[in-house]
Amino acid sequence: MEISPKKTTGFNLDNYDLKIAEENPEKFWEKIASELYWFKKWEKVVEINYPFHKWFIGGKTNIVYNCLDRYMNTWRKNKVAIYWEGENYERKTLSYFDLYKEVNRLANALKNLGVKKGDRVVIYLPRIPEQIISMLAVAKIGAVHSVVYAGFSSQALRDRIMDADAKVIITADGYYYRGKVRKLKEIVDDAIKDLNINKVIVVERLGIDVDMKNGRDIYYNDAVKGMSYECKTEVMDSEDILFILYTSGTTGKPKGVVHVHGGYMVGVYATTKLILDVKDEDIYWCTADPGWITGHSYIVYGPLLNNATILFYEGAPDYPNIERWWELIERYRVTIFYTTPTALRYFKRFGEEPILKHDLSSLRLLGTVGEPINPEVWLWFYKTIGRENCPIVDTWWQTETGMHVVTTYPNMKMKPGYAGKGIFGIKADVADENGKILNPGEKGYLVIKNFFPALMRTIYKNEEKYKSYFRHGLYYAEDYAVKDEEGYIMILGRSDEVIKTSGYRLGTFEIESAILTHEAVAEAAVIGKPHEIKGEIIKAFVVLKEGYKPSEELKESIRKKVREVLGPIAVPAEIEFVDSLPKTRSGKIMRRVLKARELGLPLGDLSTLEED
Ligand code: WT7
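Just so it is clear, the model here is predicted, and its values are computed rather than measured. (Residues numbered from 1 in each chain as written. Predicted model: local features only at pLDDT ≥ 70, side-chain atom pairs only at ≥ 80, totals over all residues. Heavy atoms only, no water.)

A. Main features of the overall build of the protein chain. Broken down by element type, the protein chain carries 18 helices and 35 strands. Computed over C-alpha atoms, the radius of gyration of the protein chain comes to 24 Å, within 12% of the 25 Å expected from 2.2 N^0.38 for 612 residues, which places it in the range of a compact globule. Among the 612 residues that make up the protein chain, the fraction classed as buried is 61%. Counting contacts in the protein chain only where the partners sit at least 6 residues apart, residues at least 24 apart contribute 71% of the total. For the protein chain, the accessible surface area stands at approximately 23800 Å², while carbon and sulfur atoms represent 48% of it. Charge separation in the protein chain, taken as the distance between the mean sites of 86 positive and 86 negative side-chain charges, equals 3 Å. (Helix = DSSP H or I, 4+ residues; strand = E, 2+ residues; numbered from the N terminus. Rg over C-alpha atoms; globule rule 2.2 N^0.38 Å. Buried < 20%, exposed > 50% of the residue type's maximum accessible area, 1.4 Å probe, protein only. Contact = heavy atoms within 4.5 Å. Areas by Shrake-Rupley, 256 points an atom, 1.4 Å probe, with all protein chains shown as cover. Lys, Arg positive; Asp, Glu negative; His and termini not counted. Charge placed at Lys NZ, Arg CZ, Asp CG, Glu CD.)

If you want it as structure tokens, here you go:
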């Protein structure tokens, strides 16, 4: 099926010559980069030392200068940067000037606490303004942030702190989620109990009593007290690290994806402007969390680089009731709405009534991200939310790519189920495992043929891992895909041992390790099982130790353990006790056999299987 967007003119994209991007991507990126501020201009656009790449060589900038400082001498400083709403209906509005001042105060406080250029700071906060302020303050002084999603628990937090070798953590006493209090500081204390951490800065979100360790822990308000509202922005090289963001892969250890000031800035600025079409008059709402890449790129950096006005909501989509999101769109007159297929599938269940009660006529552009969107859900989004007035951009990308890679432009013909094509400056295609580009209709792997500024630079302290993405001269995204006659790409899901549940990315091995921390468990294997709303759910197969008997209580206690170790998002929805797991002769668990059995699919080549 094809749907053309309603005839509208005035997309930001109309002012750009995409032929240049097609024929000479470097020239295109250079033009985009020149719209931003550089302390010193680059000498060369790109340098490739395959598979490593650098952009805007010799250029000096700082992404935060472009997000905040450069507006301070114009009317732009008075624009609203953030409309924030707490789950408990608390409300705050911050102009760019307000944000600038708060960032500077915290930046000065961080310096005062000994944070220097290049130091890693872990940010473990809920969706409150301080989360954004912290990211910007860290980057402003040239330090490196590593944001950890507040839904992760102590082991996941600990692994990330240790891998990044962070000495400073910014957290909160706790936060509200679905009306319940989640105590963050306790989780931090548990995660770092035997680590050498210099400072823990604690935002008082709830005002509850927390343990404060003498000399190490300091309240946010005490840290910024008396600090100046001005702070010089550190001059950074284009290739200096901006952040490390951990994401799941096939091993138990999360990968620290590294992004830099220059190229990342140019990429997210361009895509926020030209794909999400954000303009001065928009109220833009991305429902993600800055703890994930979507939030880094399209809540924080992309919008601020465009001097946009964002809505930032702390809580759950359905709290206190199923109308919360639609109330927010109506109250703030949201014009651009960027969300996930899981959320849409969930809301679709409740029918149109809760939505039609609200005036959503302000909407003009919709977007989805994180997982494939089923055509019927796409159509529901288009009709019920967008009232057939709004183009939908189904944006495919990854933590590793930093920015959108495959999608349609807002003025382009849409095909529900197909994300689109490689965007400006990017050549995406479908190949087999030997690097051969496949014909339309043939299923294979999604590959990217060329480099672009926002693509990660490396995996922190693990160059080999970085190199492993590149095979036969192509970047393998680890997604299955197929293209049609017009080159539109349909994403078919992950080709590795990564599970996408509710759009969250979790490695099978990570979850298995968490299950194995339970005293009763001898062996465990997990698979992703298709689910109507969540895309996939986690199913665990567990072999118990001698002396333990299968029971519902035991399942619950395993779930509780996973929640404590990794967090609620990693808890297996289904647990099955089995006597043994299928393994290869060398002892590797064959998850694909479990999956095939579970789904009633052919088992494929089992020559290496040895079941004991
Ligand atoms: C994986 C990356 C990119 C921001 C959020 C997730 C899946 C992402 C789409 C889409 C189908 C998608 C892929 C990809 N994915 N967007 N529009 N259609 N699948 O970032 O956690 O790094 O996950 O999400 O499987 O590889 P991430």
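B. Region of the structure containing the domain arrangement of the protein chain. Segmentation of the protein chain into domains returns domain 1 (12-480) and domain 2 (497-599). Each partner contributes residues to the interface: domain 1 has 27 residues there, and domain 2 has 22 residues. Both faces combined, the contact of domain 1 with domain 2 buries some 1800 Å², and carbon together with sulfur accounts for 54% of it. Across the contact surface, domain 1 and domain 2 share 2 salt bridges. For R160, the salt bridge goes to E510, with nearest N and O atoms at 4.0 Å. (Domains from an automatic or database assignment. Buried area = accessible area lost by both parts, 1.4 Å probe. Salt bridge = Lys/Arg side-chain N within 4 Å of Asp/Glu carboxyl O.)

C. Just the nonpolar core, in detail. Formed by 164 residues in total, the largest nonpolar core has its most connected members in W29, L99, L136, Y301, F424, I515 and V542. Of the residues forming this core, the biggest block, 8 residues, is contributed by helix α4 (residues 96-112). Domain assignment of the residues forming this core places at least three in each of domain 1 (12-480) and domain 2 (497-599). In this structure V542 touches I515, V521, E523, A524, I558, I575, E576, F577 and V578, once residues within four positions along its chain are discounted. (Core = buried A, V, L, I, M, F, W, Y, C linked by side-chain atoms within 4.5 Å.)

D. Structural context of the sheet that holds strand β33 (residues 574-577). Taken together, the 3 strands give an open sheet; going across it, the order is β31-β32-β33, and neighbouring strands pair in mixed fashion. Pairing within the sheet leaves two strands with one partner each, and these edge strands are β31 (521-531) and β33. Within this sheet the neighbouring strands show an average axis-to-axis angle of 25°, counted without direction. Alignment of β31 against strand β32 (residues 535-544), held across 10 bridges, turns out to be antiparallel. Note on β32: the bridge partner recorded for P530 is E536. Those strands touched by helix α16 (residues 508-516) are β31 and β32, and its axis lies near 140° from that of β31. (Pairing = 2+ DSSP bridges. Axes fitted to C-alpha atoms, helices over the stretch in contact; angles between N-to-C directions.)

E. Representation of the pairing of β33 within the structure. The alternating pattern of β33 places I575 and F577 on a buried face and E574 and E576 on a face that is not buried. As for the winding sense of the linkage, the β-α-β connection from β32 through helix α17 (residues 552-565) to β33 is right-handed. (Right-handed = clockwise from strand over helix to strand, strands pointing away.)

F. Representation of the site of the ligand in the model. The environment of the ligand is formed by 17 residues, the closest being D394, T399, D479, R494 and R505. Take W396: an N or O atom from its main chain is 3.5 Å from a nitrogen atom of the ligand. Burial of the ligand by the protein amounts to 96% of the accessible area it has alone, namely 560 Å². Broken down by secondary-structure element, the contributors of at least two residues to the shell around the ligand are α10 (293-305), β20 (392-395) and β28 (489-494). (Near = heavy atom within 4 Å. Polar contact = N/O pair within 3.5 Å; in protein donor to acceptor, adjacent residues only side chain to side chain.)

G. Representation of the side chain of R324 within the structure. Mapping R324 onto the fold places it in helix α11 (residues 324-332). Not counting the four nearest positions on each side in its chain, R324 is found in contact with E85, G86, E87, Y89, Y313, A316, P317 and Y319.

H. Representation of the pairing of β20 in the model. Burial along β20 is two-sided: I392 and D394 and V393 and T395, pointing in opposite directions, are all buried. Bridge analysis of strand β19 (residues 365-369) against β20 gives 4 bridges, and the strand direction is parallel. The residue bridging T368 from the neighbouring strand is D394, located in β20. Between β19 and its parallel partner β20, the chain crosses via helix α14 (residues 375-385), and the hand of that crossover is right-handed.

I. Broad picture of the packing of aromatic side chains. Tallied over the full model, the rule gives 42 aromatic pairs. Ring geometry for W29 versus F424: centroids 5.9 Å apart, planes at 70°, classification edge-to-face. Placement of the pair is W29 in helix α2 (residues 25-33) and F424 in the loop between β22 (421-422) and β23 (428-431), with a sequence separation of 395 residues. In this pair, the class of W29 matches that of F424, namely buried. With 4.9 Å between their ring centres and 65° between their planes, W326 and F347 make a pair best called edge-to-face. On the criterion of sequence distance, the pair formed by W326 in helix α11 and F347 in helix α12 (residues 341-348) is long-range, its members being 21 residues apart. When sorted by exposure, W326 lands in the same class as F347, which is buried. One Lys or Arg, K77, reaches over the ring of F97 and ends 4.4 Å from the middle of that ring. (Phe/Tyr/Trp six-rings, centres within 6.5 Å; stacked < 30°, edge-to-face > 60°. Lys NZ or Arg CZ within 6 Å of the ring centre and 35° of its normal.)

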